[in-house]
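Listed below, chain by chain, are the residues.
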Amino acid sequence: MNAIYELLRPIDFIIVVAYLAILIAIGYWVSFIKKKQPDENLFLAGRSLRWPSIGFTMWGTNVGPSMLIVSASIGYTTGIVAGNFGWYAFLFIFLLAMVFAPRYLGARVLTLPEFMGKRFGQSTRTILAWYTIITILISWLALTLYSGGILVSQILNFPLWASVLILVAISAFFAAAGGLKAIAYTNVFQMILLIVVSLILTVVGVMKAGGIMAVYEQTPSYYWNLLLPMDDANYPWLAIALGYPVMGVWFWCTDQSMVQSVLGAKNLQEGQMGANFTGWLKILDVALFIIPGIVCFILFPDLKNPDEAYMTMVTRLFPAGMTGLVMAVLIAALVSTIDSALNSLSTVYTMDIYIKKYKPQATQKEIVRTGRLVTVAGAMIAIFLTMAINSIKGLNLFDVFQAVLGFIAPPMSVVFLLGVLWKKATTRAANIILSAGTVFSFTIGILYLWVFPAKQYHFWPHFLLLSFYIFVVLMVAAMVISWLDKRGQAVVNTLDYGVLEKPAKKVWIGWISLIIVMITLYIVFNGH
């Protein structure tokens, strides 16, 4: 751990401090100096977000230091196969833009539990609100704080608890004081720097290795295949083809943290173009995060811990000062993920539990105050969960991330798909899937990860295939329950989309262009 720290110079730390000071200044300006409309919504930025902010916010929420570490690590050991988690996503971002976004914005909802509450009733909304809160606390805040805290402790030589406290303090400031608009303002700044710095690292590394063809020739041929054979131990093609869609629908179409910025779009066209921009940004994932790991495999083949691949490249190839900028951008990417999650957490609790259950007549001032208190409480709970996760040993961080998402995803994907696409889906079916179905999915996840771990008990299928099987079981169960429910849809469906807008010509041009590019990439990066 100290090896990386010892390679740093005072100028690196000066740059980190200066960068964080700039972020705080931007947040202060947006929060307290820039004039706001009296009724502006803290959580959805007054529904004023344009497509660049939406795209950068979605991508910034998805990208974090943990992704940089594990992607470079996977690149070091297996090549670009992990690129599927970035490139395959375009199908589900497209689904968000063309199917879900018109209905979310047409219904003019603040949260996704509110949307499902109008579809299935208040009982479903309450269950989904608590489900969403738990999901944000575990999958977004605790896991991200844990991986980010490890990174910060490596590069700044701080203990884990101090790293976590610093990150939470900065993130909570943006989420509680500025709301989504502060996050959107700073994300543009942060993501541009992330692109530039990571691109420079890739270019410098490739040049150091002798050029693009030299990188290709000095690595195993399978390193350049997105789809690996069925006997591959890590990511067989069928597991990705069937399992990722379950995660993709949940993550990109139904997760509050990801969809939040689309809900804050100025209009549908801006939301659809913002989602499209996210799809283009996802293409960069392989070049920015995986290729450095592959290059590290060439330059430093004797690396004992593949998790150190990214920071090894940074400290070995960049001069003093530039290393500090990389450190600052990594911290900023982490803050981006955490503050978006904290904002989503406060939005869901305030709008779906506080107002609906406790104080329907709350003033805007009371709503904002409650949201800020929830942000602080959520941050404290996340710190506790992070330290609890720190006590877990022997699990690969990347696999933990993907497996947890794989076990969280099936109930949400089933309920949202049926709720949006099938009019005969009933409230009873939705509630059973969200409650009993979640217990079923989580129980299998606990058995897979801890009770009978897959590395010791080989009867388990790949966790992505397992996620797909759970999805199929819950989908069939939901349809059967709906068919057998003699009450039918006892709760009146109050969803009103208005007249669903057809996508503008420029939206179609953007998406068709992206689809052509993605198909081309999948053809190029296979058969090696």
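Every chain is numbered on its own, with residues counted from 1 as its sequence reads. pLDDT decides what is reported in this predicted model: residues at 70 or higher carry local features, side-chain atom pairs at 80 or more are listed and counted, and totals for whole chains, interfaces and linings draw on all residues regardless. Computation of side-chain values covers all heavy atoms of the structure but excludes hydrogens and water.

Novice: Outline the environment of Thr57, supporting the account with residue identities and numerical values.
Specialist: Only DSSP runs of H or I covering at least 4 residues are called helices, and only runs of E covering at least 2 are called strands; the numbering of each starts at the N terminus. Locating Thr57 in the fold gives a position in helix H3 (residues 51–62). Burial status follows relative accessibility: with a 1.4 Å probe on protein chains alone, a residue under 20% of its type maximum counts as buried, one over 50% as exposed, and anything between as partly exposed. Classification of Thr57 by relative accessible area gives buried; the value is 3%. Side-chain atoms alone can form a polar contact between residues adjacent in sequence; in general such a contact is a pair of N or O atoms within 3.5 Å, and within protein one must be able to donate a hydrogen while the other accepts it. Among the polar contacts made by the side chain of Thr57, one reaches the main-chain carbonyl oxygen of Ser53 at a distance of 2.6 Å.

Novice: Requested: an account of the side chain of Arg103, with residues and values cited.
Specialist: Along the chain, the position of Arg103 falls in helix H6 (residues 90–106). Within polar-contact distance, the side chain of Arg103 engages the backbone oxygen of Val99 at 2.7 Å. Contact definition: two residues touch when any of their heavy atoms are within 4.5 Å. Contact partners of Arg103, with chain neighbours within four places excluded, come to Met98, Phe115, Val420, Tyr497 and Leu500.

Novice: So, the packing of aromatic side chains: which residues are in play, and what are the values?
Specialist: Paired rings are identified among Phe, Tyr and Trp, the last through its six-membered ring, by centres lying within 6.5 Å, and are further divided according to the angle between planes into stacked (under 30 degrees), edge-to-face (over 60) and tilted (the rest). With the rule as written, the count across this model stands at 28 aromatic pairs. Pairing Phe94 with Trp511 gives two aromatic rings, centres 5.2 Å apart and planes at 70°, and the pair type is edge-to-face. Pair noted here: Phe94 is in helix H6 and Trp511 is in helix H20 (residues 505–524), with a separation of 417 residues, a long-range link. Owing to a relative accessible area of 23%, Phe94 belongs among the partly exposed residues under this scheme. Judged by centre distance (5.8 Å) and plane angle (40°), the rings of Phe100 and Tyr104 are tilted. Of this pair, Phe100 and Tyr104 are both found in helix H6, four residues apart, which corresponds to roughly one turn of the helix. Take Phe100 and Tyr104: they sit in the same class, and that class is buried.

Novice: An account of unusual backbone geometry is requested, with residue identities and associated values reported.
Specialist: One non-glycine residue, Arg108, lies in positive phi territory at about 50°. Using a relative accessible area of 55% as the deciding quantity, one classes Arg108 as exposed.

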